[in-house]
Amino acid sequence: MKVLIAIDSFKGSISSSKGSEAISKGIMEIYPDADIIALPLADGGEGTTEALIHATKGRWVEKRVTGPLGENVTAKYGISGDGETAMIEIAAACGLPLIHRKELQPSKATTYGVGELINDAMSKGCRSFIIGLGGSATTDAGIGMLQALGYRFLNEKKEEVGFGGGSLSEIQTIDIKQANNVLKECRFQVACDVKNFLYGIDGAAHVYGPQKGASEGDVRLLDKGLKHFADRVSEELNLDIHAIEGAGAAGGLGAAFAGFLQANLQSGIELVLKQVKLAKQIQDADFVITGEGRLDGQTSMGKAPLGVAQLADRYDIPVIALAGGINQEKFTLNDDGITSCFSIMNEPMTLEDAMDPETAFDNLRFTANQLFRLVKAIK
């Protein structure tokens, strides 16, 4: 019996690695000699670095960097076991969780700390980067990150502009001569699952600004700044950063990565599945276990369980999906490659109790145990 476990984290409850451990334990209570391979997953958002560290036998690195409002924060990123690749979730340096809801300042929030993490990784020998976009508190088009990397954005007085999206409208000149030379040796792969352009009604400010604390007035000012910045980049560097699909991701960081660092923006789950070499591991499995906190319509739009199921389907391997909750409305997951799915909830309880890490661990273990009791009985 070979079982491949490839689950996403149950957001706010249990990590993908800990959840995999629980499922493994439940299976081995029935099949003690089972060959179980756990490949914790993520879709480019929270948990991506942890999943890639596990897959590459890498390590965590801590670095004090500039937080979203200019304060010092401790951010963590990963370096692969061979020391060549850095895995960075931008939210570690400029994420919404770093700011109290009442203190959100979308016009001032900066991505400077992301650039500091990249500099630190380059100093440690990394030349390949996997970046997870998502969860940023910023709408600065990535100028903070670029400033940390040596790019200069000058106002009409030839002075460096300040932090945040509120400074974008002041930019008149862009100086790339002092950018870190090591960047020329680097390759950036960016997990980006949104298609928004940089500005406009479907751009970074209008779509994502309100959740970062932006008022209607803030949104208009930020959007104006993003357009101004894109125009200056076009005129000064002959780069059209607005028209890139995904340019508006993470408050415009997508534009900065793709335009200034020649990054490849791609599906988060496809990027992660390739890095963890899922295709190599899956081919001779008897069962594949996948899952996430909630299975619903979003799952069929590129999330981890669907990516796993589509790959398993190529080899005609049954896929069992486990989740805290399952939304049956417009349910298409069986048509999308998931053989069957099950909720791990076995009795009424509050959401708070259900999301308790110990409870989630026990529920995953118990559900896996019961499923493989059935498998053994049938076999």
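About the cut-offs
Residues numbered from 1 in each chain as written. Predicted model: local features only at pLDDT ≥ 70, side-chain atom pairs only at ≥ 80, totals over all residues. Heavy atoms only, no water. Helix = DSSP H or I, 4+ residues; strand = E, 2+ residues; numbered from the N terminus. Rg over C-alpha atoms; globule rule 2.2 N^0.38 Å. Buried < 20%, exposed > 50% of the residue type's maximum accessible area, 1.4 Å probe, protein only. Contact = heavy atoms within 4.5 Å. Pairing = 2+ DSSP bridges. Axes fitted to C-alpha atoms, helices over the stretch in contact; angles between N-to-C directions. Core = buried A, V, L, I, M, F, W, Y, C linked by side-chain atoms within 4.5 Å. Left-handed = near helix turned anticlockwise from the far one by under 90°. Salt bridge = Lys/Arg side-chain N within 4 Å of Asp/Glu carboxyl O.

Novice: Would you explain the overall build of the protein in this entry?
Specialist: Along the backbone of the protein there are 13 helices and 13 strands. Over its C-alpha atoms the protein spans a radius of gyration of 22 Å, differing by no more than 12% from the 21 Å that the globule rule assigns to 379 residues. In terms of overall dimensions, the protein has a C-alpha envelope of 80 × 45 × 35 Å along the principal axes. Residues classed as buried in the protein amount to 53% of the 379 residues present. The long-range fraction of contacts in the protein, counting pairs at least 24 apart against all pairs at least 6 apart in sequence, stands at 72%.

Novice: How do you make sense of the sheet that holds strand β1 (residues 2-5) when you look at a structure like this?
Specialist: For sheets, the rule is that strands pair by backbone hydrogen bonds, running either parallel or antiparallel. Taken in spatial order, the five strands of this open sheet run β2-β1-β11-β12-β13, and their pairing is parallel. Here the strands that pair on one side only, and so sit at the sheet edges, are β2 (35-38) and β13 (340-343). Between one strand axis and the next, the sheet turns through 20° on average, direction left out of account. The sheet contact formed by strand β11 (residues 287-295) and strand β12 (residues 319-326) spans seven bridges and is parallel. Bridge assignment links glycine 291 to a residue of β12, and that residue is leucine 322. Seen against the sheet, helix α13 (residues 357-378) touches β1, β11, β12 and β13 and runs at an angle of roughly 145° to β12.

Novice: When you look at the environment of arginine 232 in this model, what are you seeing that I'm missing?
Specialist: Position of arginine 232 relative to the elements: it lies in helix α7 (residues 216-237). By relative accessible area, arginine 232 is classed as buried at 14%. Sequence-wise, arginine 232 and isoleucine 174 are 58 residues apart; in three dimensions their C-alpha atoms are separated by 7.9 Å.

Novice: Would you take a moment to explain the nonpolar core for this structure?
Specialist: For soluble globular proteins, nonpolar side chains are generally found buried alongside one another. With 60 residues, the main nonpolar core has Phe129, Phe229 and Phe257 as its most contacted residues. Sequence-distant contacts of phenylalanine 257, that is, excluding residues within four places in its chain, are made with Val114, Ile118, Ile131, Leu133, Met145, Phe188, Val190, Gln262 and Ala263. With 32 residues, the next largest nonpolar core counts Ile37, Leu39, Ala191 and Ala312 among its residues.

Novice: Is there a simple way to think about the packing of helix α1 (residues 16-28) against α13 in this case?
Specialist: When two helices pack together, their arrangement is given by the angle between the helix axes and the distance between those axes. At their nearest, the axes of α1 and α13 sit 7 Å apart, and the two run at 35° to each other. Of the two possible hands of crossing, α1 and α13 adopt the one that is right-handed. From α1, Lys18, Gly19, Glu21, Ala22, Ile23, Lys25, Gly26 and Ile27 reach across to α13, where they touch Phe361, Leu364, Arg365, Ala368, Asn369 and Phe372.

Novice: Please explain the pattern of salt bridges as it appears in this structure.
Specialist: Per the counting criterion, the structure on display carries 13 salt bridges. Between lysine 11 and aspartate 8 there is a salt bridge whose closest N-O contact spans 3.5 Å. Within the structure, one salt-bridge network assembled from shared partners comprises Lys63, Asp120 and Lys124.

Novice: Help me understand the sheet that holds strand β4 (residues 72-79) in this model?
Specialist: The mixed open sheet is built from six strands, whose spatial order is β3-β4-β5-β6-β9-β10. The open sheet has two free edges, formed respectively by β3 (59-66) and β10 (264-266), since each of these has just one partner strand. Within the sheet, the average angular offset between the axes of one strand and its neighbour, ignoring direction, is 25°. Relative to β4, β3 runs antiparallel, the two being bridged by eight bridges. From the neighbouring strand, arginine 59 faces β4, where its bridge partner is isoleucine 79. The strands touched by helix α2 (residues 48-56) within the sheet are β3, β4, β5 (85-89) and β6 (128-132), with β5 carrying the most contacts at an inclination of about 155°. In the packing of helix α9 (residues 268-275) onto the sheet, contacts are made with β6, β9 (187-191) and β10, and the angle to β9 comes to roughly 125°.

Novice: Looking at this structure, how should I read the pairing of β11?
Specialist: The two faces of the sheet receive side chains in turn, since in a regular strand these alternate between them. With seven of its nine residues buried, β11 lies for the most part within the structure. Note: β1 against β11, three bridges, orientation parallel. Directly across from isoleucine 5, in β11, lies its bridge partner isoleucine 289.

Novice: Teacher, can you tell me more about unusual backbone geometry here?
Specialist: When glycine is set aside, most residues are seen to have a negative phi, and most peptide bonds are trans. Phi at asparagine 238 is positive, roughly 60°, even though this residue is not glycine. Within the secondary structure, asparagine 238 is located in the loop between α7 and α8 (253-260). We note that glutamine 262 has phi near 50°; this positive angle belongs to a residue other than glycine. Its location among the elements puts glutamine 262 in the loop between α8 and β10.

Novice: Can you help me understand the side chain of glutamine 266 in this one?
Specialist: The topology assignment puts glutamine 266 in strand β10. For glutamine 266, a relative accessible area of 19% corresponds to the buried category. In contact with glutamine 266, other than residues within four places in its own chain, are Gln189, Val190, Ala191, Cys192 and Leu271.

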